[in-house]
Amino acid sequence: MIVGGGPVGHRVAERLRHHGHEGPVTLLDAEPGPAYHRVLLPSLLDGSLTPADLRLPDLPDVTLRHGVSAAGVDRRLRQVRTTAHDRLPYDTLVLATGARPHLPPVPGLRHASGWLIDGVTGLRSLTDCTRVRGDEAVVLGGGPLGVETAAALRRGGRRVTLVHPGPYPLDDRLDAEAGELLTRHLAGLGVELELGRVAAEVQPGKVVLDDEWPLAWDTLLCCTGVRPRTGLAEAAGLAVRTGVLTDAEGRTNDPAIRAVGDCTESAGSLLTGWEQAEAVARSLTGNPAPQGLSGRRRPVFRLRVPGLTLGVLGDGKSGAGDEIVTYRDPARGRYARLSLDTTGRLRTAVLAGLPQALATLTQLYATDTPLPESRLALLLGRPAPRTGPLPELPPEAVVCRCNNVTKGALAEAWEEGARTPEALTEATRATTGCGSCTEEVREMCTQFAGSTP
Ligand SMILES: Cc1cc2nc3c(=O)[nH]c(=O)nc-3n(C[C@H](O)[C@H](O)[C@H](O)COP(=O)(O)OP(=O)(O)OC[C@H]3O[C@@H](n4cnc5c(N)ncnc54)[C@H](O)[C@@H]3O)c2cc1C
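Residues numbered from 1 in each chain as written. Predicted model: local features only at pLDDT ≥ 70, side-chain atom pairs only at ≥ 80, totals over all residues. Heavy atoms only, no water.

Sorry if this is basic, but what is going on with the site of the ligand here?
Taken together, 28 residues lie near the ligand, and Asp29, Arg38, Ala70, Arg124 and Arg304 sit nearest. Taking Ala30, its main chain carries an N or O atom lying 3.0 Å from a nitrogen atom of the ligand. Here Arg304 contributes a side-chain N or O atom positioned 2.6 Å from an oxygen atom of the ligand. Contact with the protein chains hides 80% of the accessible area of the ligand, taken as 990 Å² for the molecule alone. Listed by contribution, the elements that provide at least two residues to the shell around the ligand are helix H1 (7-18) and strand S2 (26-29). In terms of residue count, the dominant contributor to the shell around the ligand is H1 (three residues). Split by domain, the residues of the shell around the ligand number at least three in each of domain 1 (2-100 + 227-284) and domain 2 (120-224). (Near = heavy atom within 4 Å. Polar contact = N/O pair within 3.5 Å; in protein donor to acceptor, adjacent residues only side chain to side chain. Areas by Shrake-Rupley, 256 points an atom, 1.4 Å probe, with all protein chains shown as cover. Helix = DSSP H or I, 4+ residues; strand = E, 2+ residues; numbered from the N terminus. Domains from an automatic or database assignment.)

Structure (structure tokens):
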């Protein structure tokens, strides 16, 4: 039994079948409709996609209960109590209850009853998108979600103000120069920016900033972080800190219960939700852990704002003695800062406006391969003759992060006859989110062609 039908719970169900689990699988999800790509929600705000476009593949051999929540877990009897007033037995329970938006404690945001005032919402679900109304939107929080949401609302024709306490959006990930490029890009789209400010008070239709400047809104979107949804696990007596505590294969302190995705404690975990789903499904079906995933964390961040390719590899922190390579072309909106360790491997990088370089560097970073000697040729997308071919990414490596398409899925599509980048897109949906993996998919297509007799 899986509780939570977000992208990670859905993935566990899919991978259980893939790895040969034959017993019944039941998936409960509190949301009323079928599972969908949560990360693509901003595309609904600009009208570029419809809810139907976001749907995840059907799970034909899984009993789906949408609109039904798990209300409690009886660990002794191994039963889940549901809001539909039934008790469902399980052999193994997988908690994938995700996270909920964290709203800042700004006076006026909530009624005395605790409910949000009309027009205020987070952005986590399809239902949240239906709460967006009117012409005037204020977005609180200039992290990835706030920036993507503000850009999407603007593209959808609304007047948008982005309020962020830092000196520029994404200031916890970008250096000042990349931040300046992003700020300029957003301003060019027509997003108003209130930087170095926070909301001090909210009133219906008005938010007052800490410099007492009032902003009018029809919708106030709070993109101010998330918190793991752990109530069910806590009530069941499982070990919880900020999230449900698990080992690398999702085991909780109850051997019959696993937990995956955003509801788990991320500190110290080396795997993404996607990789956790794979690890849990393999472990439950007695398949060995995938090679090359565990033991090293290689975070890759790509911003999904059309017209700007912006990515961060690693945590942005250079090491002592690192070689620093910087490239600036502000007039063309291009910037790169690479930090290489003493072996010439990438420790961290920030790139803007350089899609091909970002694709190549992502692959070099994922495979921990030293960079070619000509750093400049690489940044300009003219790779110098390499000493050898790029090392292979493992099949589990996610290439399209919007649609969670792995290299393995692309290879399968290739084997089944998708022999061009366009055909690979058609078969897997890779590149159809933000499009920032287009270069990678193209490069991979060339690799597959080169390795097929
Ligand atoms: C716009 C947007 C962009 C994002 N971009 C990125 C990105 O670029 N990279 C990235 O890594 N992450 C990104 N994220 C975060 C990403 O969406 C989450 O990491 C991912 O959704 C986590 O999946 P999950 O299945 O663990 O949890 P969730 O997606 O939160 O799903 C949990 C599900 O469980 C259900 N549920 C909860 N409690 C119960 C219960 N008791 N009974 C039944 N069902 C229950 C909920 O209704 C929900 O459907 C983004 C999120 C958003 C909203």
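How should I be thinking about the sheet that holds strand S6 (residues 87-89) in this particular structure?
Note on sheets: strands pair through backbone hydrogen bonds, and any given pair is parallel or antiparallel. Taken in spatial order, the three strands line up as S4-S5-S6 in an open sheet, and their pairing is antiparallel. Of all strands in the sheet, those bounded by a partner on one side alone are strand S4 (70-74) and S6. Neighbour to neighbour, the strand axes of the sheet diverge by 25° on average, direction disregarded. Examined bridge by bridge, S4 and strand S5 (residues 79-82) share four bridges and lie antiparallel to one another. Residue pairing across strands places Ala70 opposite Thr82, the latter belonging to S5. (Pairing = 2+ DSSP bridges. Axes fitted to C-alpha atoms, helices over the stretch in contact; angles between N-to-C directions.)

Would you mind showing me how to read the packing of aromatic side chains here?
Note on aromatic pairs: each is described by the distance of the centres and the angle between the planes. In the structure shown here, the tally under the stated rule is one aromatic pair. Taken together, a centroid distance of 5.9 Å and an interplanar angle of 50° make the contact between Trp414 and Phe448 tilted. You can see Trp414 sitting in helix H10 (residues 407-415) and its partner Phe448 sitting in helix H12 (residues 438-451), a full 34 residues away along the chain. Grouping residues by exposure puts Trp414 and Phe448 together as buried. Residue placement shows Arg173 over the ring face of Phe301; its charged tip is 4.3 Å from the ring centre. Here the basic side chain of Arg298 rests over the ring of Tyr365, its NZ or CZ set 5.0 Å away from the ring centre. (Phe/Tyr/Trp six-rings, centres within 6.5 Å; stacked < 30°, edge-to-face > 60°. Buried < 20%, exposed > 50% of the residue type's maximum accessible area, 1.4 Å probe, protein only. Lys NZ or Arg CZ within 6 Å of the ring centre and 35° of its normal.)

Is there a simple way to explain the nonpolar core in this structure?
One broad trend across soluble globular proteins is that nonpolar side chains are buried collectively. Membership of the largest hydrophobic core comes to 38 residues, with the highest contact counts inside it found for Val139, Val147, Leu153, Leu174, Leu182, Leu303 and Leu310. Secondary structure elements with two or more residues in this core: helix H2 (42-45), strand S10 (136-140), helix H4 (144-155), strand S11 (159-164), helix H5 (176-189), strand S20 (310-313) and strand S23 (346-352). Counting residues per element, this core draws most heavily on H4, at five residues. Those residues in contact with Leu174 that sit more than four places away from it in its chain are Tyr168, Pro169, Gly179, Leu182, Leu310, Val312 and Val350. Counting 20 residues, the second largest nonpolar core, distinct from the first, contains Val3, Leu93, Leu232 and Cys263. (Core = buried A, V, L, I, M, F, W, Y, C linked by side-chain atoms within 4.5 Å. Contact = heavy atoms within 4.5 Å.)

Looking at this structure, how should I read the sheet that holds strand S14 (residues 206-209)?
What the three strands build is an open sheet, ordered S13-S14-S15; its pairing is antiparallel. Both outer strands of the open sheet, strand S13 (199-203) and strand S15 (214-216), are each paired with one neighbouring strand and no more. Across the sheet, the mean angle from the axis of one strand to that of its neighbour is 25°, orientation sign disregarded. Pairing between S14 and S15: three bridges, direction antiparallel.

Quick question: what am I supposed to make of the environment of Val147 here?
Along the chain, Val147 turns up in helix H4. Counting along the chain gives 260 residues from Val147 to Lys407, while the straight-line C-alpha distance between them is 28 Å. Apart from the residues lying within four places of it in its own chain, the contact partners of Val147 are Gly141, Gly142, Leu162, Pro169, Leu170, Leu182, Leu186, Leu303 and Val305.

Explanation requested: the domain arrangement of the protein in the structure shown.
Quoted interface sizes are often the accessible area lost when the parts come together. You can read the domains of the protein as domain 1 (2-100 + 227-284), domain 2 (120-224), domain 3 (298-384) and domain 4 (392-453). Relative to domain 4, the C-alpha centre of domain 1 lies at a distance of 27 Å. Counting from both sides, the interface comprises ten residues of domain 1 and, opposite them, nine residues of domain 4. Carbon and sulfur atoms supply 51% of the area that domain 1 and domain 4 bury against each other, a total of about 750 Å² over both sides. Across the domain 1-domain 4 interface, the total number found is zero salt bridges. On the surface where domain 1 and domain 4 come into contact, there are two residue pairs in polar contact (both at pLDDT 80 or more). Residue contributions to the side of domain 1 that touches domain 4 peak at three residues, all from helix H7 (residues 273-284). Within the side of domain 1 that touches domain 4, the residues separate by chemical class into four nonpolar, one polar and five charged. (Buried area = accessible area lost by both parts, 1.4 Å probe. Salt bridge = Lys/Arg side-chain N within 4 Å of Asp/Glu carboxyl O. Nonpolar A, V, L, I, M, F, W, Y, C, P; charged D, E, K, R; others polar.)

In this structure, what is going on with the packing of H4 against H5? I would like to understand it.
With their axes 10 Å apart at the nearest point, H4 and H5 run at an angle of 25° to one another. One finds that H4 runs roughly parallel with respect to H5. Helix-helix and strand crossings are classified by hand; for H4 and H5 the assignment is left-handed. Contacts from Val147, Ala151 and Arg154 in H4 reach Leu182, Leu186 and Leu189 in H5. Residue composition of the contact of H4 with H5, by class: five nonpolar, no polar and one charged. (Parallel < 35°, antiparallel > 145°, perpendicular 65-115°, else oblique. Left-handed = near helix turned anticlockwise from the far one by under 90°.)

Even after reading the chapter, I still don't get unusual backbone geometry, so can you show me in this structure?
Note on backbone geometry: most residues besides glycine have negative phi, and most peptide bonds are trans. Backbone geometry at Asp368 places phi at a positive 55°, although glycine is not the residue there. Here Asp368 is to be found in the loop between helix H8 (355-366) and helix H9 (375-379). Backbone geometry at Arg429 places phi at a positive 75°, although glycine is not the residue there. Mapping Arg429 onto the fold places it in the loop between helix H11 (421-428) and H12.

How do you make sense of the side chain of Asp128 when you look at a structure like this?
Within the fold, Asp128 resides in helix H3 (residues 126-130). Of the residues examined, Asp128 reaches a relative accessible area of 9% and is grouped as buried. A distance of 2.5 Å separates polar atoms of two side chains, one belonging to Asp128 and the other to Arg131. Excluding its chain neighbours within four sequence positions, the residues that come into contact with Asp128 are Thr121, Gly122 and Leu123.

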